[in-house]
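Take a look at the letters that make up each chain.
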Amino acid sequence: MIKMKGEGSMDIKAKVQEQFGKNADNYITSPIHAKGKDLELMVMLSKATAQDRVLDIATGGGHTANAFSPHVKEVTALDLTSEILVAAKQFINEQGRDNVSFVQGDAENLPFEKESFELVTCRIAPHHFPDVKAFVSEAFRVLVPDGRFLLIDNTAPEILEYDQFYNHVEKRRDPSHYRAWKKSEWLQLFEETGFTFEQMHAFKKDFAFDSWCSRMQLASKDKEELENDMLSASERVKEYFKIKEKEGHVQTFTGDAVFIKARK
């Protein structure tokens with residue numbers, strides 16, 4: 001598996017807290033996070049029951065915790081960033097949920113006893129984690145035997161050129177981005193950790209360039225440099241990511257994502 005060099009774990013986590021802290025409200029209203037069809041898929045395929053205790057790791061705006069809340073006994077929404085937990089709590093309380101609790105904590109060092117949850121979820125977050133192996137190991141630890149782990153995240157393509165391009169532009173847009181993993185790497189890690197792989201659904205995600213940049217409050221100069229990177233990419237890359245431009249500006253592009261369900 002590819003290992004990243006350069007920034008230390010504490011550096012990237014500080015950037016995560018900075019980026020998500022100042023942009024917390026943007027993640028509550030972001031259509032990709034709030035209304036993605038992948039969220040409906042996650043709930044449907046979870047086979048959640050009224051007796052399940054759910055841990056939602058890196059809850060962000062709380063959309064996953066909110067979606068599971070009506071179907072389970074209780075949900076614990078965990079996030080590294082205090083500001084986004086405040087925003088998530090307000091959002092979920094406005095939905096009338098009364099079985100969701102909020103905990104500040106690290107995905108790579110969960111503050112829970114072993115075998116505490118029947119279901120662990122994590123959606124559109126692991127690309128921010130410096131130590132994904134520790135995150136998956138911790139998810140395994142806190143699950144009861146036969147518990148389910150549901151993961152959704154943006155992925156890098158299997159082809160190296162496309163992998164490098166996607167991770168480069170994500171890092172240019174968002175300094176708290178660490179690395180999007182390939183589907184093959186996820187499957188290998190799950191099995192190495194001890195999970196039994198059950199389901200995988202790969203899908204595409206469409207991004208509007210302007211709103212994608214605005215969500216991170218990207219400075220005009222940085223946005224222009226990022227746009228130039230995308231416009232100067234090879235034709236192979238432009239075709240793969242379906243980069244659409246108009247009058248010298250990027251309008252939209254498409255990325256990869258994956259849903260994985262595994263069992264302890």
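Because the structure is a prediction, the values reported are computed rather than measured.

1. Some remarks on the nonpolar core
Counting residues in each nonpolar core, the largest one holds 28 residues, and the members touching the most others are I57, F135, F149 and W186. Breaking this core down by element, the ones donating at least two residues are β1 (53-57), β4 (117-123), α7 (132-142), β5 (143-155), α9 (183-193) and β8 (249-263). For this core, the element with the most residues is α7, which contributes five residues. When sequence neighbours within four positions are dropped, the list of residues in contact with F135 reads I57, A107, E108, C122, P126, F129, F149, L151 and W186. Listed in part, the 20 residues of the second largest apolar core include F165, Y166, A180 and F209.

2. Section: the environment of R97
With respect to the helices and strands, the residue R97 is situated in the loop between α6 (82-94) and β3 (100-104). As a C-alpha pair, R97 and S69 span 28 residues in sequence and 6.9 Å in three-dimensional space. Setting aside residues no more than four positions away along its own chain, R97 makes contact with N66, S69, P70 and I92. A distance of 2.9 Å separates the side chain of R97 from the side chain of N66, its partner in a polar contact.

3. Digging into the packing of aromatic side chains
Taken as a whole and judged by the stated rule, the model has 18 aromatic pairs. Note on F149 and F195: the rings are 5.4 Å apart at their centroids and 35° apart in plane angle, and the pair reads as tilted. Here F195 lies in the loop between α9 and β6 (196-208) and F149 lies in strand β5, a separation of 46 residues in the sequence. Judged by centre distance (6.0 Å) and plane angle (45°), the rings of F209 and W212 are tilted. Highlighted residues: F209 and W212, both in helix α10 (residues 209-214), separated by three residues, approximately one helical turn. Considered together, F209 and W212 belong to a single accessibility category, that of buried residues. A connected cluster of aromatic rings, assembled from ring pairs, spans F129, F135, F140, F149, W181, W186, F190 and F195. Directly above the aromatic system of F140 lies the positively charged group of K264, at a separation of 4.8 Å from the ring centroid.

4. A short note on helix α8 (residues 160-173)
Helix length check: α8, at 14 residues, gives a terminal C-alpha distance of 20 Å against a target of 20 Å (1.5 Å per residue), a fit within 8%. Taken as a whole, α8 has its buried residues at Y162, D163, F165, Y166, N167, V169, E170 and R173. On its buried face, α8 sits against β5, α10, α11 (220-231) and α12 (235-240).

Procedures and definitions
Residues numbered from 1 in each chain as written. Predicted model: local features only at pLDDT ≥ 70, side-chain atom pairs only at ≥ 80, totals over all residues. Heavy atoms only, no water. Core = buried A, V, L, I, M, F, W, Y, C linked by side-chain atoms within 4.5 Å. Buried < 20%, exposed > 50% of the residue type's maximum accessible area, 1.4 Å probe, protein only. Helix = DSSP H or I, 4+ residues; strand = E, 2+ residues; numbered from the N terminus. Contact = heavy atoms within 4.5 Å. Polar contact = N/O pair within 3.5 Å; in protein donor to acceptor, adjacent residues only side chain to side chain. Phe/Tyr/Trp six-rings, centres within 6.5 Å; stacked < 30°, edge-to-face > 60°. Lys NZ or Arg CZ within 6 Å of the ring centre and 35° of its normal. Expected span 1.5 Å × (residues − 1).

Fair warning: the whole summary comes from geometry, so function is off the table for now.
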